[in-house]
Number of protein chains: 4
Amino acid sequence: MGAPKRKIINDPVYGFITINHPLIFSILAHPYYQRLRRITQMAMGQLVYPGAVHTRFHHSLGAYHLMGNAVNELRSKGTEITEEEETAVKAAILLHDIGHGPYSHALEHVVVKGVHHEALSLQIMHEMNTAFDGQLTLAIQIFTGAYHKPFLHQLISGQLDVDRMDYLSRDSFFCGVSEGVIGYDRILKMLVVVDGQLMIEEKGIYSVEKFLVARRQMYWQVYLHKTVLSAEKMLVKILERARSLYTSADAAMQTQSSLDYFLGVFNGTMDAHALAQFCALDDHDIMHAIKRWSAHPDRVLSLLCGRFLSRQLYKTTIQSEPFSPATIAAKQKESLDSFELEASEVGYVCFTGEATNTLYQTKDERINILFKDGSIKDISLIDNALIHQNLSAAIKKNYICQLL
Amino acid sequence: MGAPKRKIINDPVYGFITINHPLIFSILAHPYYQRLRRITQMAMGQLVYPGAVHTRFHHSLGAYHLMGNAVNELRSKGTEITEEEETAVKAAILLHDIGHGPYSHALEHVVVKGVHHEALSLQIMHEMNTAFDGQLTLAIQIFTGAYHKPFLHQLISGQLDVDRMDYLSRDSFFCGVSEGVIGYDRILKMLVVVDGQLMIEEKGIYSVEKFLVARRQMYWQVYLHKTVLSAEKMLVKILERARSLYTSADAAMQTQSSLDYFLGVFNGTMDAHALAQFCALDDHDIMHAIKRWSAHPDRVLSLLCGRFLSRQLYKTTIQSEPFSPATIAAKQKESLDSFELEASEVGYVCFTGEATNTLYQTKDERINILFKDGSIKDISLIDNALIHQNLSAAIKKNYICQLL
Amino acid sequence: MGAPKRKIINDPVYGFITINHPLIFSILAHPYYQRLRRITQMAMGQLVYPGAVHTRFHHSLGAYHLMGNAVNELRSKGTEITEEEETAVKAAILLHDIGHGPYSHALEHVVVKGVHHEALSLQIMHEMNTAFDGQLTLAIQIFTGAYHKPFLHQLISGQLDVDRMDYLSRDSFFCGVSEGVIGYDRILKMLVVVDGQLMIEEKGIYSVEKFLVARRQMYWQVYLHKTVLSAEKMLVKILERARSLYTSADAAMQTQSSLDYFLGVFNGTMDAHALAQFCALDDHDIMHAIKRWSAHPDRVLSLLCGRFLSRQLYKTTIQSEPFSPATIAAKQKESLDSFELEASEVGYVCFTGEATNTLYQTKDERINILFKDGSIKDISLIDNALIHQNLSAAIKKNYICQLL
Amino acid sequence: MGAPKRKIINDPVYGFITINHPLIFSILAHPYYQRLRRITQMAMGQLVYPGAVHTRFHHSLGAYHLMGNAVNELRSKGTEITEEEETAVKAAILLHDIGHGPYSHALEHVVVKGVHHEALSLQIMHEMNTAFDGQLTLAIQIFTGAYHKPFLHQLISGQLDVDRMDYLSRDSFFCGVSEGVIGYDRILKMLVVVDGQLMIEEKGIYSVEKFLVARRQMYWQVYLHKTVLSAEKMLVKILERARSLYTSADAAMQTQSSLDYFLGVFNGTMDAHALAQFCALDDHDIMHAIKRWSAHPDRVLSLLCGRFLSRQLYKTTIQSEPFSPATIAAKQKESLDSFELEASEVGYVCFTGEATNTLYQTKDERINILFKDGSIKDISLIDNALIHQNLSAAIKKNYICQLL
């Protein structure tokens, strides 16, 4: 039977997403890509926003859709993009998150200690490239920024890349948070390439401002919402406790999934075997383990797991100033006493930390505006722009989480 | 600490859902209700509509929201509904699906053989009622239809109940299928109570027609979509195979979840212990088991599980006429040969069945229209209505599923 | 100065509409096209649906946008459409309503007696074609059905043309009537051309059903809403009264607009002078005249105008059966008595009529469905389709309008 | 016949608007309120955003709807609002724009020289109050700020009043400009009254920031869009020219509408006669006059009118710095030469001006935030807020309009 030539996928955010290239069909059908169906995009966001249960599979498809629109827009303005480049940049965006593990970002540095998800994405792309007889070579060049048309890389990873456009649009949509709506369609219409660099037409300034403000609001209102933060910290603490307890001799710790490998065997080297184990791991393994561990004899582990499942999370306070040592000490004592735990276990029931977000980093970020007279300026340097330099400092907030 | 008095939950479908009664807060906080976060509403629908990953938790909240609106509308038209009745009918709709197990409806009759989810809902409500010192007594009376104001029960379970209104609205929203949009807000505005019975004002006829047509389209386009049907049948076949193989001696069959109880121990009697096991079960257990079984020595079980995980489903054909015995035999042989299976195993790789849907059942359904002159007529009897009696016959379609 | 090369117009219905061809820019800039800004799409619909104040200018732009999408879809399925054909079919759809006069359809046969708006559109296109040095020749051929690719004409005027798709989408959007939402994007994705004829892929059946049902509901709920009908009849009666009274000697009748020409001079021959007068006429002239006539000495004229301005319309009743002569006589007497009018004037204050709508006319309409096996069937002949032949009869309703 | 008791109006922005009080029905039915159907909300905005043809009638209804929601929210938080107060504050918001004339704000200070629309609104309310036997007395007290519950007045006219919430929501909706979407529903949920003053709960800070940023973007992208500004200036210049030429002897100047009164007779005193004339004036009179004047012998008047009708507007440039005298002189000469006009007429074809907008005026504006600890702070004084004091300066831009 011939492969399907054209497929339409319904998407509540964009309406329809069209698949019409054999390579894209092959990527979608690959078990590694199908795994993304089982990895939620927003981890614990759903505990505050019940609609936020969408997956990385869906996000990647959405970013792919926006990439197609971006390519069409740029072509209509005279930027040359060949058929091969189009397919490659679409393949690259489809795969940009292929290295994400379960409940990323929450667990990114816990399950697969010390391995960054972008490095993993690249490693998996290389493996798929072998399976696909080199059809992903150009996609990988663009993904790594090695290709001679920088704007293609910038569409995947830059200040106004389709990754951000999709996740902000999609997350605000599924959360039902209108504050995060970014007007992606107008930004796409304003993209332009000058000397190989991606920039924005002058009349798109307000849309970019809106984009930056929406991103900021999504951070404080959603991603760093104190209940979301509380749940994600609990997830991390559960995994940390599990790792500290884990021995293959303890049958009650076994999860019968790849998680056993990463808790008991993995030594930090992502070889072929480790990669195969990683690609078998998804959210279900974590949730199954937590359900199982909720009956484990270790009091800290079972406490955290039980609380997590019934959404009785840390009580979390966020404030601008650091918490005083006296405050911290008092809260820690209170938590230890509540559960009759030992002092060495305090890090699981009461701890502090810092959350940071920046409106616009004048150092690293570069959103260039192309004026009608041909001049180009960074958006933070434009008269009367909302995004002034004095707004560019990172905002740090302190939090304390306490189990009661 | 005092309980929170008022909470607002963002919902992409309705904007905001307000919680403002202690009993409702208690229900939401209960582990049995939190379990619904881990049970998807549309089972395998997400394999065709990637956005359809919303949960029964979310659906129940949505139905609760519509119930509040319905109560307000009816009161504004002079129907008396006391504060107690309002709280009770809201509690009842929140709990109407509490008895759903993992991947219902797909697995309803497979995991918990012979126990209907409504019976389970009622049983769980009774248990929660004990825990809540009888605060759910009125809710249970309304839920079972024992209360003397029938319209309250009809709002929970009837032709135009808020359950249907929410799931049609929510499913079409998360699927991105505009064909299923039903205009719930207008239907709510047209509700009216006469002699204790719920009915629709005359000018709401078109909205009800739209509702019935939308429901029909959701059935054929979404719920009975051939790929969704194919995946759900595969899920059923996996569980059936697992049950047939299951012995506690076979370590590779163990799932380390309540599923073990239902595959190996449960005898059909839903006693307290069985109920506790049931309330510990969710989608994650099923998915974990399937991942585990994909490596089981039984060739049929591992074949089905592996195919399911990578979305290589049965090839399914749907048609009006039954399939001829010759066609069936040829396809069965083809499947058995493909995998070198024995004839006794054919039911796992090639089988037929029937899917049915009715636009409007004139027998059981009663959507009564209240005319301005005070007369009342069933919608199927109205002149020129779209929903004629000759459209009321059930539509049956035949399908054949074949693994290749 | 160089002509603008590319322009984006914000549209609340579709997001953005892109203009990128010199001929399209020329059409948009032409005073005849700008005139459509002053002609509302839904005439008196706004008296019931306050948002329904959108213009024919906007509708034509929207249909142009859908045409661009349709062309892209068909091309992606292998149907050849040249650049010239694309521009021509877009120009034709932009101009398809150019012959509409003020408050069409309400006034179509009243102001310009006996001249159909499609004939006027064609006449105006010919005049513009002269001004544009023949650049509209191909557009006119397509518009009149003379071109050898019938599907291009069918996209402009057929059962599933972009005209209907836009006006149903746009009207339901501006009215805020979700019952009228048609899912135009999915229908567009399902279009296909076979042997030069436009048809719909099999899996688009439900979308087409939805389209027909939505159209039916828009007719009964909006276009033929009894208050809309009442207002439009009043508008017609005002113009009829004005025409019967009109003499150039009566200064109080003069409107100082082209309306004077059509009430006093026009003899039914649409020569160059008449056409120029017609192209100067818009909604403002009618409203100005009505405001002026509300102070005219003629009691019937001033009564109707005054009532119209303050939305004190005919009381209208709609029913399936014809009204009995006795009922009509009684109501007529009541109205005449109320205003102390003479029997000869009864037609202005109490009259009956018939409103008709058909779900699907099996005779004239042809929505062909292309099945996967290559066969083609009319949608009304398909098993289990909602649109059965017995639903295809026209539905007639009788109305009586009475001023009180 | 009994008056209707309850009516539902479809609104594309909010879904449904419910009318359920006899006084509100009486206001809606009054010819002065019906007149608002003929006054567009956004004047010339439609020349850039074709959907922006909504009326003040619709806006007032929308603000009324939001007022109902605000009252419900505040009551649910324990703020006492009596039935009488509710009806009065709803009546007041319905009438808050009743004094707007045609194409306000564009023509506010031109047609009715020196009379502010708020003063006119109050004068008309007083007249209607007489007609309604004093039923509007409380509404007027609230409208003028004389009532002892200041928050009711602040809901009508304040930094977060429902007037702004509606027009920003409605204008962005009809324009199709997602940048202007403000999340009115969340702001309403965050309203709270302390000591009689309206304020915002702490967790509503981001929504208020979004509101202010959206307002700023609507100003620069829509209300002060250079083409909108250009068209509105042209409208003003046309009226100014007409006034300078107007004599009752010149038949070609006569408009046969109340405009004749305001151009030829009105002396600045808004007595009963003048008010009656004003209440007969609407957009149609202006457009009819412009169409008529496009054939007037005065070359400037006919030039401006002709250009306006075919949307050949001033060429407008906007920049931060003032234009140099040399630039202005050169452009003025160019325009005069183009049309062979005299120097004294230059003000009609080439002129400069200033447009101003402020993000947040720390002086006059007061958006108070209520913190959980009970403290209250102005939003501009909150740490890390987007709305810093250094962003509070008014932004001035200079424009030059030139006819070519």
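About the thresholds
Residues numbered from 1 in each chain as written. Chains lettered and ligands numbered in written order. Predicted model: local features only at pLDDT ≥ 70, side-chain atom pairs only at ≥ 80, totals over all residues. Helix = DSSP H or I, 4+ residues; strand = E, 2+ residues; numbered from the N terminus. Rg over C-alpha atoms; globule rule 2.2 N^0.38 Å. Buried ≥ 20, exposed ≤ 12 C-beta atoms within 10 Å, placed from the backbone. Contact = placed C-beta atoms within 7 Å. Nonpolar A, V, L, I, M, F, W, Y, C, P; charged D, E, K, R; others polar. pLDDT = per-residue confidence, 0-100. Pairing = 2+ DSSP bridges. Least-squares fit on C-alpha atoms with pLDDT ≥ 70 in both. Axes fitted to C-alpha atoms, helices over the stretch in contact; angles between N-to-C directions. Parallel < 35°, antiparallel > 145°, perpendicular 65-115°, else oblique. Left-handed = near helix turned anticlockwise from the far one by under 90°.

Engineer: Just give me the short version of the overall build of chain A, but keep the residues and values in it.
Structural biologist: Looking only at helices and strands, chain A has 17 helices and nine strands in total. A compact globule built from 404 residues would reach a C-alpha radius of gyration of about 22 Å, and chain A, at 23 Å, matches this within 12%. Counting only C-alpha atoms, chain A reaches 70 × 60 × 35 Å along its principal axes. In chain A, which comprises 404 residues, the proportion classed as buried is 49%.

Engineer: So what about the interface of chain A and chain D? Which residues, and what values?
Structural biologist: A common measure of how large an interface is: the accessible area buried when the components associate. Of the residues lining the interface, 16 residues belong to chain A; the matching set on chain D comes to 16 residues. Of the residues assigned to the side of chain A that touches chain D, the class counts are six nonpolar, seven polar and three charged.

Engineer: How would you sum up the interface of chain B and chain A? Please name residues and give values.
Structural biologist: The partner chain A presents 32 residues to the 33 residues of chain B that form the contact. Residue assignment for the side of chain B that touches chain A shows that the elements contributing at least two residues are strand S1 (7-11), helix H2 (31-35), helix H3 (56-76), helix H8 (162-175) and helix H14 (283-293) of chain B. With six residues, the single largest contributor to the side of chain B that touches chain A is H14 of chain B.

Engineer: Tell me about the confidence of the model for chain A, and name the residues and values.
Structural biologist: Here chain A shows a mean pLDDT of 92. Residues at 70 or above account for 95%. Across the interfaces of the predicted complex, the ipTM metric reaches 0.94, alongside a pTM of 0.93.

Engineer: Outline the pairing of strand S2 (residues 15-19) of chain B, supporting the account with residue identities and numerical values.
Structural biologist: All names here are of chain B. In this sheet, S2 lies alongside S1 in antiparallel orientation, the contact comprising five bridges. Within S2, the position partnered with isoleucine 9 by the bridge is isoleucine 17. Hairpin connection between S1 and S2: a loop of three residues separates the two successive antiparallel strands.

Engineer: Can you tell me about the relation of the copies chain B and chain A, naming the residues and giving the values?
Structural biologist: Between the two copies, chain B and chain A, the superposition gives an RMSD of 0.0 Å; the rotation angle is 180° and the shift along the axis is 0.0 Å. Put plainly, the chains are arranged around a two-fold axis. If distances are taken from each C-alpha of chain B to the rotation axis, the shortest is found for histidine 284 of chain B, at 2.5 Å.

Engineer: How would you summarise the sheet that holds strand S8 (residues 376-378) of chain B if you had to cite specific residues and measurements?
Structural biologist: Residue and element names in this part refer to chain B. The four strands lie next to each other as S3-S4-S7-S8, forming an open sheet whose pairing is mixed. With one partner strand each, in any of the chains shown, strand S3 (191-194) and S8 form the two edges of the open sheet. Across the sheet, the mean angle from the axis of one strand to that of its neighbour is 45°, orientation sign disregarded.

Engineer: Break down the packing of helix H4 (residues 83-94) of chain C against helix H6 (residues 137-144) of chain C for me, citing the residues and quoting the values.
Structural biologist: All names here are of chain C. Where H4 contacts H6, the axes come no closer than 8 Å and their chain directions differ by 65°. Our classification of the angle between H4 and H6 gives roughly perpendicular. Once H4 is placed against H6, the crossing between them reads as right-handed. Across from Glu84, Ala88, Val89, Ala91 and Ala92 in H4, the residues of H6 making contact are Leu138, Ala139, Ile142 and Phe143. The residue inventory of the contact of H4 with H6, partitioned by class, reads eight nonpolar, no polar and one charged.

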